[in-house]
Amino acid sequence: MSSAQDPFYIVKEEIQESIDKLQSTFHQWERIPSNTGEQVHLTKELLAGCESIEWQVDELDKAIGVASRDPSWYGIDNVELEKRRRWTATARTQVGNMKKAVLAGKELNGGGTASGMRRELMRMPNSHKTDTSNHYAGRDNDDFIESESDRQLLLIKQQDEELDELSASVERIGGVGLTIHEELIAQERIIDDLGMDMDSTSNRLDFVQKKVAMVMKKAGAKGQIMMIVFLLVLFIILFVLVFLT
């Protein structure tokens, strides 16, 4: 993968620009007298900028760590990984030195603040002072773009895997839904059959009740008494056969 297509170098260039702006603000902060409103404002701005860049560098380190698990998959080698780690370490050192100087400046007064700032600046590498430094900065930017591209590819790969898992889950849920639908249809058929049987039985009972009523009506009182006696005798016979034999 070419450096122009590697997101690592794109993000690296953005971070480097942020560091350059932060250094410019830091030099401005150093020249401002202490205990002034402008210095307090710049102090807050510098500390916030340092924290933001440190977070970006940490995320970049995480992407490098992911790529180091399988460098060949991202088209890089161990030399390239080491180069990227050196750049993030250098960036972290630059930002860390500025942050320490600003925090130290809050506790110092007058000349102590200026001298402390100068000592911190002396320890901070500046990649844009010489042609050689610019050459290495350009290579570092290429490394950054490449690493960021690897990180994007990893994210795409992870998203594809998650989509595959989601698709499999949807298929399983769809299968369960079809099974439930078929079961509901079968239960509905059983209920319909049961309802038809109940209607048929109810009609038969109505028919028998009507026949019995007609027989009772035709038989009169004497016939009803004889039928009752007959049913009672039949009940006694059945009771004897079931319980006494």
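This structure is a prediction, so every number in the text was calculated from the model and none was measured. (Residues numbered from 1 in each chain as written. Predicted model: local features only at pLDDT ≥ 70, side-chain atom pairs only at ≥ 80, totals over all residues. Heavy atoms only, no water.)

1. A closer look at the pattern of salt bridges
Link 1 in the chain: Under the defined criterion, the tally for this structure stands at 7 salt bridges.
Link 2 in the chain: Here K62 and E59 are joined by a salt bridge, their closest N and O atoms 3.3 Å apart. Of the two residues, K62 and E59 both sit in helix α2 (residues 37-69), 3 residues apart, roughly one turn of that helix.
Link 3 in the chain: Of the residues examined, K62 reaches a relative accessible area of 53% and is grouped as exposed.
Link 4 in the chain: Residues R92 and D61 are paired through a salt bridge, measuring 2.5 Å at the closest nitrogen-oxygen approach. Taken together, the positions of R92 in helix α4 (residues 78-105) and D61 in helix α2 put the pair 31 residues apart, joining distant regions of the chain.
Link 5 in the chain: A cluster of three or more residues bridged by salt bridges with shared partners is formed by D58, D61 and R92. (Salt bridge = Lys/Arg side-chain N within 4 Å of Asp/Glu carboxyl O. Helix = DSSP H or I, 4+ residues; strand = E, 2+ residues; numbered from the N terminus. Buried < 20%, exposed > 50% of the residue type's maximum accessible area, 1.4 Å probe, protein only.)

2. Thoughts on the nonpolar core
Link 1 in the chain: Ranked by size, the top nonpolar core spans 28 residues in total, and within it I15, I19, F26 and I53 carry the most contacts.
Link 2 in the chain: Counting only elements with at least two residues in this core, the list comes to α1 (7-31), α2 and α4.
Link 3 in the chain: Per element, the largest residue contribution to this core is 9 residues, and it comes from α2.
Link 4 in the chain: Not counting chain neighbours up to four residues away, the residues in contact with I53 comprise I15, S18, I19, L22 and V95. (Core = buried A, V, L, I, M, F, W, Y, C linked by side-chain atoms within 4.5 Å. Contact = heavy atoms within 4.5 Å.)

3. Some details on the packing of aromatic side chains
Describing an aromatic ring pair means giving the distance of the ring centres and the angle of the ring planes.
Link 1 in the chain: Applying the stated criterion across every chain, the model contains 3 aromatic pairs.
Link 2 in the chain: Three or more aromatic residues link up through ring pairs in this structure, and these residues are F235, F239 and F243. (Phe/Tyr/Trp six-rings, centres within 6.5 Å; stacked < 30°, edge-to-face > 60°.)

4. Digging into the UniProt feature "transmembrane region" (unreviewed entry) in the protein
Link 1 in the chain: Mapped onto this structure's residue numbering, the UniProt feature "transmembrane region" (unreviewed entry) falls at residues 225-244.
Link 2 in the chain: Within the segment residues 225-244, helix and strand shares are 95% and 0% respectively, and the terminal C-alpha atoms sit 28 Å apart. (UniProt positions renumbered as here; feature names shortened; annotations may be inferred.)

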